[in-house]
Amino acid sequence: MSRQRNEFWLYFTLASAAGLAGLLLIPVVLLLILESLPLLAPAALWESLTSAAWHPRAGEFGLLAMMVASLLISALALALAAPLGILYAVWLNLYLPRRWTNRLRPLQELLAGIPSVVYGLWGLVVLVPMINSYAPPGASLLAAVLVLALMILPFSALVTDAALQAPIRHRMSAAQALAVSRWGTFRRVLWPEARATIIGGIVLQFGRALGETLAVVMVAGNVVQFPGSLFDPVRTLTANIALEMSYATGTHHTALFLSGLVLMLITLILMFQINRRGVAI
Amino acid sequence: MTIDRRDYGGFVLCSVAGITVIVPLVWMILALAQSGLPGLEWEFLVAAPSQSGRAGGIGPMIVSTALILGVCLAAIIPVGLGTSLYLSQYVSSTSPQASWLGYSLDVLAGTPSIVFALFGYQFFAITLGLGFSILAGGLTLACMTLPLMVRTSEQALRAVPLELHQAGEALALSRPGMIWHVLLPAAMPGIVAGTILSIGRALAETAVLLFTAGYVMRLPGSLLDSGRALSVHIFDMAMNVPGGMPVASRTALVLLTLVILINIGVRRMLLHHKRIYYEQTN
C-alpha cells in the first residue's frame, strides 16, 4: 500500500516538473502577444513593419530599418563565419596531425563558452578604433558583422566538426583505400553525407547572431537608419529593445514588445525549417 | 603525415581558413590579458567599487553573480531533473507528450535572450512584483537555461547501461528505489556536467540580467535586492563609465577565467564518466 502511494507521489512530482517545463513556452509567447496587442491590429502592424521611421516621441514606431539591420548583420556574419568554420573543421579532421587536433579541439570548445560581452568589449577596444582610423565613426555595420562573425565562428566549427565524425568513421578507410585525395574525400564523400547536419547547425548560428544584443550595442553605433555602406552605424532590433526598455511607456513599450515578438517569430520559423528538414539540433 | 601533391590546393585553402579562425580569437584573449592583467590583484576581487566602479574592486558583483546563479540552480535542478526523469521513465521518446516537450524546449533554447529579458521584466519584476532583484534575475535565467539542463540530464539518464536496469529489476526494486539507488548515481557525472554547462550559459548572459536583476553596485542584503552581475559590470564599465575600460577588461578576465575553469571541470567529469562506463561494459 505504502509502496503504491510512494509510486503515486513520485509520478505526481515528476509529472508536475515536466508539466512546468513543457508549459513554460506558453506564458512567454502569451505575454509577448498580450503586451504587443495594441500594435497587432492589421493597420498598425502593417505601419510598424513597413515604416522605417522610429521616432518614439512623435509616436512613430517603424521597425523596418532595424529589421533590415538585424537580418543584414546576421546574414553577413554568417556568410563570413560559415565557410571559415567549415574549412577549419576540415583542416582539423583531414589535414592536421592527430596531435594538433587533440590540442585544438578543447580550445574550440573553450572559445565557444566565452561570454558575448567579452567579444563586444574586444570589438569596442580594438576593432572600433581601427575602423575609425580608416572610416569614422568606427562603430558601424562592419564592426558588428566582424564581432558577430568571430562570436559564431567557434560554434560553426564545432557543429561541422561534430557532423563530420560519423562519415569519417564510416567512409574514411574506403576513401583512403581508393586513394582519393583529402580534398576529394571531403568534397565527394564526407560533405554529401554531412551537408544537412552542417547546414542545420549553421542556420542555428544565424539565430544566435540575430539574438545577440549587448555585443552589438557596444560596436554597432546604434543609429536607426538603412545602412548606406559598411561603415555606417546601424541599430538592430535587439539593440533597440536593450537601449530603450528602461524608459519606454505606452505605445513605445508596446512597440518594443512587438520587436520581441518579431524576433521570436523569426526564431520559430528557423527552428521549424530545421525540424522539417529532419536535422538533429 | 605527408600531404599528397594533389592536395596542396586544399591544404593551403584549409590552412589559411584555419589560421584565420585561430588568430583573431587568440588575439582577442591576448589583448584582453594585456589591458586587464595589470591591477588584477586579490584586492580587486574582494573590495567594494568606488568612483562609480573606476576604483576599488568587484567584490559585490561576485557575490551578486553567485546569488543569481544560486537562485537559477535552485529552480532548474529540481524542475530539470524531474522533467528528464519523467521523460526517461514514464513516456517513450516518440510519444506526443515527449515530442511536445522536446519541441517547446527546443524553441525556448533557440529564443533570443532579449525576449527572455522582456518576459522576465514584465512577468517576474512587474506582474509578480519582485522588482529589479536577484530573485527575478535568477528565475529569468532559469527559464533560459532549463532546456539545456533537461536535455543534458535526459541524455545522461538514457545512457545508463541496460545491465544496471536489469540488475535493479532482478532485485525487485521499486521505481523510487530504482531512481534513487541506480539511475541517479549512474547518471550523476552527466547530470553534473549538464548543470555546470547551464552555469556557464548563465554566467555569460548579460542582456537578461540588465533588465531583471538590475545594476546596483551595492552588496545585496537579500534576494529581493538588486544586484549587478559580472557580465553587466563589464558592459556598464565599458559603455557608460568614462575611464572604466581597464576595470572592464579586468572583470572580463575574471569572468573568462571562471568560464575556462568550468570548461575544464566539465571535460574532466565527462572523461571520468566515459572511463567508468567503459569499465562497466567491458
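Residues numbered from 1 in each chain as written. Chains lettered and ligands numbered in written order. Predicted model: local features only at pLDDT ≥ 70, side-chain atom pairs only at ≥ 80, totals over all residues.

**Things to note about the overall build of chain B**
Moving on, step 1. Tallying secondary structure elements over chain B gives 11 helices and two strands in all.
Moving on, step 2. The helix and strand sequence of chain B, counted from the amino end, reads α-α-β-β-α-α-α-α-α-α-α-α-α.
Moving on, step 3. For chain B, the C-alpha atoms occupy an extent of roughly 70 × 65 × 35 Å along the three principal directions.
Moving on, step 4. For chain B, buried positions account for 49% of its 282 residues.
Moving on, step 5. Looking at chain B alone, contacts between residues at least 24 apart form 74% of all its contacts between residues at least 6 apart. (Helix = DSSP H or I, 4+ residues; strand = E, 2+ residues; numbered from the N terminus. Buried ≥ 20, exposed ≤ 12 C-beta atoms within 10 Å, placed from the backbone. Contact = placed C-beta atoms within 7 Å.)

**Let's talk about the overall build of chain A**
Moving on, step 1. Tallying secondary structure elements over chain A gives 11 helices and two strands in all.
Moving on, step 2. In sequence order, chain A lays out its α and β elements as α-α-α-β-β-α-α-α-α-α-α-α-α.
Moving on, step 3. Principal axes of the C-alpha set define a box for chain A whose edges measure 80 × 70 × 35 Å.
Moving on, step 4. Considering chain A as a whole, with its 281 residues, one finds that 49% of them fall into the buried category.
Moving on, step 5. Counting only contacts in chain A whose residues sit at least 6 apart along the sequence, the fraction spanning at least 24 positions is 73%.

**Let's talk about the confidence of the model for chain B**
All names here are of chain B.
Moving on, step 1. The predicted model of chain B averages 85 in pLDDT, with 95% of residues at 70 or higher.
Moving on, step 2. Highest mean pLDDT in chain B belongs to helix 3 (residues 59-89) (92); lowest belongs to helix 11 (residues 245-281) (76).
Moving on, step 3. Taken together, the stretch residues 278-282 has pLDDT below 50 and engages in two contacts with residues farther than four places along the chain or on a different chain.
Moving on, step 4. Interface predicted TM-score (ipTM) for the complex: 0.87; the corresponding pTM is 0.88. (pLDDT = per-residue confidence, 0-100.)

**A look at the packing of helix 6 (residues 116-134) of chain A against helix 1 (residues 8-36) of chain B**
Moving on, step 1. In the contact formed by helix 6 of chain A and helix 1 of chain B, the axes pass within 10 Å of each other and the chain directions differ by 85°. When the axis of helix 6 of chain A is compared with that of helix 1 of chain B, the two are roughly perpendicular. Here Trp122, Val125 and Val126 of chain A of helix 6 of chain A come into contact with helix 1 of chain B, specifically with Met28, Ala31, Leu32 and Ser35 of chain B.
Moving on, step 2. In terms of residue class, the contact of helix 6 of chain A with helix 1 of chain B is made up of six nonpolar, one polar and no charged. (Axes fitted to C-alpha atoms, helices over the stretch in contact; angles between N-to-C directions. Parallel < 35°, antiparallel > 145°, perpendicular 65-115°, else oblique. Nonpolar A, V, L, I, M, F, W, Y, C, P; charged D, E, K, R; others polar.)

**As for unusual backbone geometry**
Moving on, step 1. Here Asn222 of chain A, not a glycine, exhibits a phi torsion of approximately 60°, which is positive.
Moving on, step 2. Mapped onto the elements, Asn222 of chain A comes out in the loop between helix 9 (214-219) and helix 10 (237-244).
Moving on, step 3. The phi torsion at Ala172 of chain B lies on the positive side, around 55°, for a residue other than glycine.
Moving on, step 4. Its location among the elements puts Ala172 of chain B in the loop between helix 7 (162-170) and helix 8 (175-204).
Moving on, step 5. Overall, Ala172 of chain B belongs to the exposed group, with 8 C-beta atoms counted inside 10 Å.

**A closer look at the interface of chain B and chain A**
By convention, interface size is frequently given as the accessible area that disappears when the constituent parts associate.
Moving on, step 1. Contacts between the two partners involve 73 residues from chain B, matched on the other side by 67 residues from chain A.
Moving on, step 2. Looking at which element gives the most residues to the side of chain B that touches chain A, the answer is helix 1 of chain B, with 16 residues.
Moving on, step 3. Tallied by class, residues from the side of chain B that touches chain A come to 48 nonpolar, 19 polar and six charged.

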